[in-house]
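# Structural features, examined
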Protein chains: 2
Amino acid sequence: MDSMIEAGLFRAAMSRFAAAVHIVTTDGAAGRRGVTATSVASVSDAPATLLVCLNTSNEANQRFEANGCFAVNLLADESEGLARVFAGEGALSPEARFAEGEWGLRATGAPILEDALASFDCRLIDSRIVATHRVMIGEVRSIHLGAERPCLVYHGRAYHRV
Amino acid sequence: MDSMIEAGLFRAAMSRFAAAVHIVTTDGAAGRRGVTATSVASVSDAPATLLVCLNTSNEANQRFEANGCFAVNLLADESEGLARVFAGEGALSPEARFAEGEWGLRATGAPILEDALASFDCRLIDSRIVATHRVMIGEVRSIHLGAERPCLVYHGRAYHRV
């Protein structure tokens, strides 16, 4: 298969990736928003920088760009229910999702999950659309470390712990 | 800790991420190169697109940019030894690393690991330096699926299986 890659094949191949599960959040003038994401990568430790890819098809995801900040909250094993809520299960409003979990604030105003294994509160320093997604690069302004627990992992279209 | 983030703190927090382990490869006029990486993320399925972050401090990593192609080889549980070789253990030359493992070619000429869970052979469509790393975005030109096996995962500075 050497030309256009069919989307279903790509998703099937990507389902073989094991990936940590995050809730990526923002808040500010454009409003609060949080989504479950696995497309998160470390970019640099000097200065501390990471990136997130989010679908542009959901209009509420424009709030990340508009607010100019985001937090990456790395989920512990016990947070599968929260991952499902922020992945859209139950079809709660952007605001109502935050009734689940304990949320605080640190440097940028993006919601920080108190039970996260680690939270990275970032100022958005670059944002670009690539095909269906926006690639957001953030410089980390604050780190919150929660208790050390197993990590929630998504693999083979199911949740696991490692 | 609300200003500059100390690199050691960032690395400690990142070590709580569980991440799939990949060998990212290239070949072409600039020469062959392969490195173990965990900073890999899916970007889009239409068209199939992914990204990789690689350190710019190693001169041989310029070969990815110069060749204009790369392959992401997702490692199975049994490939920990290979992951260690391509992470630099044994200090083999860029070429000698490929004596380990069975390598083939598909669309772009980047080496494809026959035992990978999945390999994504990509044309480099965007490349930019962010702090110490280069963020490379690739459009997938060919996918190779290996046997379905557990996935090799790096977490807490150790290898795991999931």
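Structure: above.
Here's what I pulled together on the structure shown here. All figures in this text were calculated on a predicted structure; none of them were measured in a lab.

Reading the values: rules and limits
Residues numbered from 1 in each chain as written. Chains lettered and ligands numbered in written order. Predicted model: local features only at pLDDT ≥ 70, side-chain atom pairs only at ≥ 80, totals over all residues. Helix = DSSP H or I, 4+ residues; strand = E, 2+ residues; numbered from the N terminus. Rg over C-alpha atoms; globule rule 2.2 N^0.38 Å. Buried ≥ 20, exposed ≤ 12 C-beta atoms within 10 Å, placed from the backbone. Least-squares fit on C-alpha atoms with pLDDT ≥ 70 in both. Arc of directions from axis to C-beta. Contact = placed C-beta atoms within 7 Å. Pairing = 2+ DSSP bridges. Axes fitted to C-alpha atoms, helices over the stretch in contact; angles between N-to-C directions. Nonpolar A, V, L, I, M, F, W, Y, C, P; charged D, E, K, R; others polar.

## A look at the overall build of chain A
Across its full length, chain A holds 3 helices and 12 strands. Here the C-alpha radius of gyration of chain A, 15 Å, is about what a compact globule of 162 residues would show, namely 15 Å. Seen through its principal axes, chain A has C-alpha atoms that stretch 50 × 35 × 30 Å. Counting across all 162 residues of chain A, residues that qualify as buried make up 52%.

## Regarding the relation of the copies chain A and chain B
It takes a turn of 180° to lay chain A on chain B, together with a shift of 0.0 Å along the axis; the resulting RMSD is 0.0 Å. The transformation just described matches what one would write down for a two-fold rotation axis. Closest to the rotation axis within chain A is the C-alpha of A19(A), separated from it by 2.7 Å.

## With respect to helix α1 (residues 7–14) of chain B
Here α1(B) has its buried residues at F10(B), A13(B) and M14(B). Mapping the buried residues of α1(B) onto a view down its axis gives an arc of 100°, with all of them on the same face. Of the surrounding secondary structure, the elements contacted by the buried residues of α1(B) are β4 (40–45), β5 (48–55), β9 (118–130) and β10 (133–145) of chain A.

## Things to note about the environment of I23(B)
All names here are of chain B. Here I23 shows up in strand β2 (residues 22–26). Each C-alpha atom of the pair I23 and F86 lies 7.0 Å from the other, and the pair is 63 residues apart in sequence. Once residues within four sequence positions are removed from consideration, I23 is found in contact with G34, T36, N73, L75, L82, F86 and L113.

## Side note on the environment of L9(B)
All names here are of chain B. Its place among the elements puts L9 in helix α1. Among the residues examined, L9 registers 15 C-beta atoms within 10 Å and is labelled partly exposed. Between the C-alpha atoms of L9 and F98, which are 89 residues apart in sequence, the distance is 34 Å.

## Description of the environment of A29(A)
Residue and element names in this part refer to chain A. Topologically, A29 is positioned in the loop between β2 (22–26) and β3 (33–37). The class of A29 is exposed, set by 9 C-beta atoms lying within 10 Å. On a C-alpha basis, the gap between A29 and N67 in space is 6.3 Å, while along the polypeptide they are 38 residues apart.

## Remarks on the sheet that holds β9(A)
Judged by pairing direction, the sheet is antiparallel, and its 7 strands sit side by side in the order β3-β2-β6-β9-β10-β5-β4 (chain A) without closing on themselves. Every interior strand has two partners, whereas the edge strands, β3 and β4 of chain A, have only one. Adjacent strand axes in the sheet meet at a mean angle of 30°, parallel and antiparallel pairs treated alike. Where β5(A) lies against β10(A), 7 bridges are found, and the strand directions are antiparallel. Its bridge partner being in β10(A), V52(A) is matched across the sheet by M136(A). Most of the contacts of α1(B) go to β10(A), to which it runs at about 110°, and overall it touches β4, β5, β9 and β10 of chain A.

## Details of the interface of chain A and chain B
Listed per partner, the contact involves 50 residues of chain A and 49 residues of chain B. Mapped onto the side of chain A that touches chain B, the elements with two or more residues apiece are α1 (7–14), β1 (19–20), β4, β5, β9, β10 and β11 (152–155) of chain A. The biggest single contributor to the side of chain A that touches chain B is β10(A), with 8 residues. Grouping the amino acids of the side of chain A that touches chain B by side-chain chemistry returns 35 nonpolar, 9 polar and 6 charged.

## As for the pairing of β5(A)
Residue and element names in this part refer to chain A. The element β5 is largely enclosed, with a buried count of 7 among its 8 residues. Bridging between β4 and β5 involves 5 bridges; their strand directions are antiparallel. Bridge pairing in β5 links S44 to T49. Counting the residues between successive antiparallel strands, the hairpin from β4 to β5 contains 2 residues.

## Concerning the sheet that holds strand β4 (residues 40–45) of chain B
The antiparallel open sheet is built from 7 strands, whose spatial order is β3-β2-β6-β9-β10-β5-β4 (chain B). Looking at strand neighbours, the two that pair on one side only are β3 (33–37) and β4 of chain B, the edges of this open sheet. Shown here is a sheet whose adjacent strand axes are inclined to one another by a mean of 30°, direction ignored. Across the face of the sheet, α1(A) comes into contact with β4, β5 (48–55), β9 (118–130) and β10 (133–145) of chain B while running at roughly 110° to β10(B).

## Quick word on the pairing of β9(A)
Residues and elements named next belong to chain A. Two elements, strand β6 (residues 69–74) and β9, share 6 bridges in a ladder whose sense is antiparallel. By the bridge assignment for β9, C69 is matched with R123. Inspection of the sheet shows β9 paired to β10 by 12 bridges, in the antiparallel sense. Within β10, the residue paired with R123 across the bridge is E139. The loop that links β9 with its antiparallel partner β10 comprises 2 residues; one of these, A131, has a positive phi angle of about 55°.

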